[in-house]
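What the coordinates show
So the chains spell out like this:
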Amino acid sequence: MIFDGFLLQILMGTLVTIKVALCAAVFGIVVGLIGASLESIQNRWLRYTAAGIIFIIRGLPELLVLFFIYFGAAIILSKIFHHYIDVSAFAAGVIALGLIFGSYASQVFRGAFLAIEPGQTEAGKAMGFTQFQIFTRIQLPQAWRHAIPGLGNLWLVLLKDTAIVTLIGLADMMNQAKIAASTTHQPFTFYLIAACIYLFITSLSQKVINFFTIRANRYIHT
Amino acid sequence: MMNFMDYLPQLASGLSITLLLMIASVGTGLLLAILMTICSYSDKWIVRKCINLIVFFIRGTPLLVQIFLIYYGMGQFEWIRSSSLWFILREPMACAIIALSLNSACYTTIILQGGIQSVPKNEIAACHAIGMPKWLAFRRIIFPRAFRLAIPAYSNEVIIILKGTSLASTITLLDLMGVTQQLISQTYATIEFYIIAGIIYLLLNAVITGVFMALIKWSAITGKASQ
């Protein structure tokens with residue numbers, strides 16, 4: 001076998017990569033929704049704080065955010081609890097990538113909610129819907145349609161950003177490719193394999209996103 | 001409490017490498033992108049296909065993989081190591097610039113193509129009507145117009161390149177991120193140095209945003225809404 005069983009290792013790493021990406025996306029969507037609602041809230045200080053945090057995270061390199069959370073959190077937590085606390089690389093990766101995803105997603109969500117005509121929520125109020133019902137039954141399904149293309153792009157960015165978690169020692173696809181590359185002295189081969197797997201996952205994601213975009217717009221007749 | 005001023009020279013040298021990486025990649029990337037955009041409108045089917053393939057590959061893979069492929073990957077081939085190209089490809093700086101500019105060129109190509117598509121059709125029709133040749137119309141009317149439309153998206157791309165330069169620290173380059181890591185391993189002042197690096201990156205962001213705001217103002221068509 002030309003790849004000496006490293007292919008299996010890389011595929012195992014691929015699962016880790018996908019797991020990190022999925023967890024970060026779920027966490028990021030929650031962060032994004034919270035961010036979007038904080039940014040549209042009446043209280044000025046809360047609004048400015050949320051906007052400030054989003055601005056900072058969007059402006060920093062992904063690597064810096066990841067390292068800050070992985071190495072910085074260990075120090076802060078250790079100081080609080082007065083003994084050494086080890087932060088898991090997986091958790092740090094998910095939190096860092098999720099925060100980055102969330103800070104971009106909050107803008108997508110804000111735009112999506114603003115795209116709904118105010119008449120829709122007013123109609124809901126007139127029909128005697130509660131605030132929660134208006135949100136889940138009227139706003140969310142309509143905002144979803146506007147948010148899908150933006151979220152789809154963010155998902156593709158996120159997938160590619162997961163490559164950096166290898167730098168904090170997580171055994172993801174890049175890490176396995178690195179091990180294979182240094183053992184066999186064939187870095188080009190193995191990094192190319194990793195690249196092709198990323199290419200496959202992103203292309204597949206693109207197909208799924210297109211499907212959902214068409215599906216979310218199925219009631220819209222132009 | 002230590003004095004952070006002592007580390008200013010190291011941080012400044014890191015900053016200069018980050019800036020060098022960014023400016024070189026933005027410049028090369030933009031030139032490549034313009035070339036690729038022109039080629040993507042070529043009459044030759046094979047040229048269009050090649051451009052699409054390159055853009056598809058680069059946009060579908062992480063920047064880190066591209067940097068590793070160029071820096072570590074090229075050494076695998078004996079004929080590259082023995083060729084005169086090895087002079088360039090063994091330098092981490094050159095590899096980082098190559099990877100970043102290729103990456104940026106592909107994203108910018110998409111941005112420019114989007115700009116060209118949003119040039120009003122009647123303006124292109126007007127070029128044909130007064131008998132401009134295809135290339136002249138592209139050079140004088142379509143491209144400047146498309147570039148103006150693409151500036152806001154392009155400013156985001158430049159910020160993405162700035163953030164991407166931090167990955168150069170993974171191939172032993174001592175850019176701002178690399179210097180920060182080095183200083184942390186010397187002083188154990190983890191949080192402090194990450195915050196300093198973060199502030200510098202944010203300031204660079206602000207400068208880029210300011211430059212592009214000025215560019216948008218400068219390039220706006222005066223006396224007429226650009227719609």
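**Side note on the packing of helix α1 (residues 8-39) of chain B against helix α9 (residues 176-187) of chain B**
Residue and element names in this part refer to chain B. The contact between α1 and α9 brings their axes to 7 Å, and the two run at 155°. Our classification of the angle between α1 and α9 gives roughly antiparallel. Where α1 approaches α9, its residues Q10, L11, S13, G14, L15 and T18 are matched on the opposing element by L176, G178, V179 and L183. Residue composition of the contact of α1 with α9, by class: five nonpolar, five polar and no charged.

**Side note on the nonpolar core**
Formed by 109 residues in total, the largest nonpolar core has its most connected members in L66(A), A177(A), A194(A), V65(B) and I67(B). Setting aside residues no more than four positions away along its own chain, A177(A) makes contact with I10(A), F190(A), Y191(A), I193(A) and A194(A).

**As for helix α3 (residues 62-81) of chain A**
Taking 1.5 Å per residue as the helical rise, α3(A) with its 20 residues ought to reach 28 Å, and the 28 Å between its terminal C-alpha atoms agrees with that figure. Within α3(A), the axis deviates most sharply at G72(A), by approximately 35°. Buried within α3(A) are the following residues: E62(A), L63(A), L64(A), V65(A), L66(A), F67(A), I69(A) and Y70(A). Those residues of α3(A) hidden inside the fold are in contact with α2 (44-59), α4 (89-114) and α6 (131-161) of chain A together with α8 (134-164), α9 and α10 (190-219) of chain B. Just downstream of α3(A), H82(A) is the residue with a positive phi angle, here 60°.

**Describing the interface of chain B and chain A**
Counting from both sides, the interface comprises 26 residues of chain B and, opposite them, 29 residues of chain A. Those elements that provide at least two residues to the side of chain B that touches chain A are α2 (45-60), α3 (63-71) and α10 of chain B. Sorting elements by how many residues they give to the side of chain B that touches chain A places α10(B) first, with eight residues. Class assignment for the residues of the side of chain B that touches chain A results in 15 nonpolar, ten polar and one charged.

**Here we look at unusual backbone geometry**
Not every positive phi belongs to a glycine, and H82(A) is a case in point at roughly 60°. As for its position among the elements, H82(A) is in the loop between α3 and α4. The class of H82(A) is exposed, set by 7 C-beta atoms lying within 10 Å. Phi at Y188(B) is positive, roughly 60°, even though this residue is not glycine.

**Quick word on the packing of α1(B) against helix α6 (residues 92-117) of chain B**
Residues and elements named next belong to chain B. Packing of α1 against α6 brings their axes to within 7 Å, and their N-to-C directions diverge by 45°. Between α1 and α6, the crossing angle belongs to the class labelled oblique. The element α1 and its partner α6 pack so that their crossing is right-handed. In this structure, α1 contributes L21, A24, S25, V26, T28, G29, L30, L32, A33, M36 and T37 to the contact, and α6 contributes A96, I97, L100, S101, S104, A105, T108, T109, L112 and Q113. Across the contact of α1 with α6, the residue classes break down as twelve nonpolar, nine polar and no charged.

**Some points on the confidence of the model for chain B**
Detailed reading of the predicted model is not advised wherever pLDDT is low. Scored by pLDDT, chain B comes out at a mean of 90, with 96% of its residues at no less than 70. Scored as a whole, the predicted complex attains pTM 0.90, and scored at its interfaces, ipTM 0.89.

**Quick notes on α8(B)**
For α8(B), spanning 31 residues, the distance from its first C-alpha to its last is only 37 Å, which falls clearly below the expected 45 Å at 1.5 Å a residue. A maximum bend of about 55° is found in α8(B) at I151(B), where proline P152(B) lies one to four positions downstream. Taken together, the buried residues of α8(B) touch α3 of chain A together with α1, α3, α6, α7 (121-129) and α10 of chain B.

**Some points on the environment of Q66(B)**
All names here are of chain B. With respect to the element layout, Q66 can be found in helix α3. Judged by local crowding, Q66 falls into the buried class, with 25 C-beta atoms found within 10 Å. Separated by 76 residues in sequence, Q66 and I142 have C-alpha atoms that sit 32 Å apart. Discounting residues that sit within four places of it in the chain, Q66 has contacts with I58, T61, A99, L102 and N103.

What counts, and where the lines are drawn
Residues numbered from 1 in each chain as written. Chains lettered and ligands numbered in written order. Predicted model: local features only at pLDDT ≥ 70, side-chain atom pairs only at ≥ 80, totals over all residues. Axes fitted to C-alpha atoms, helices over the stretch in contact; angles between N-to-C directions. Helix = DSSP H or I, 4+ residues; strand = E, 2+ residues; numbered from the N terminus. Parallel < 35°, antiparallel > 145°, perpendicular 65-115°, else oblique. Contact = placed C-beta atoms within 7 Å. Nonpolar A, V, L, I, M, F, W, Y, C, P; charged D, E, K, R; others polar. Core = buried A, V, L, I, M, F, W, Y, C linked by C-beta atoms within 7 Å. Buried ≥ 20, exposed ≤ 12 C-beta atoms within 10 Å, placed from the backbone. Expected span 1.5 Å × (residues − 1). Bend = angle between axes of the 7 residues up to and from the residue. Left-handed = near helix turned anticlockwise from the far one by under 90°. pLDDT = per-residue confidence, 0-100.

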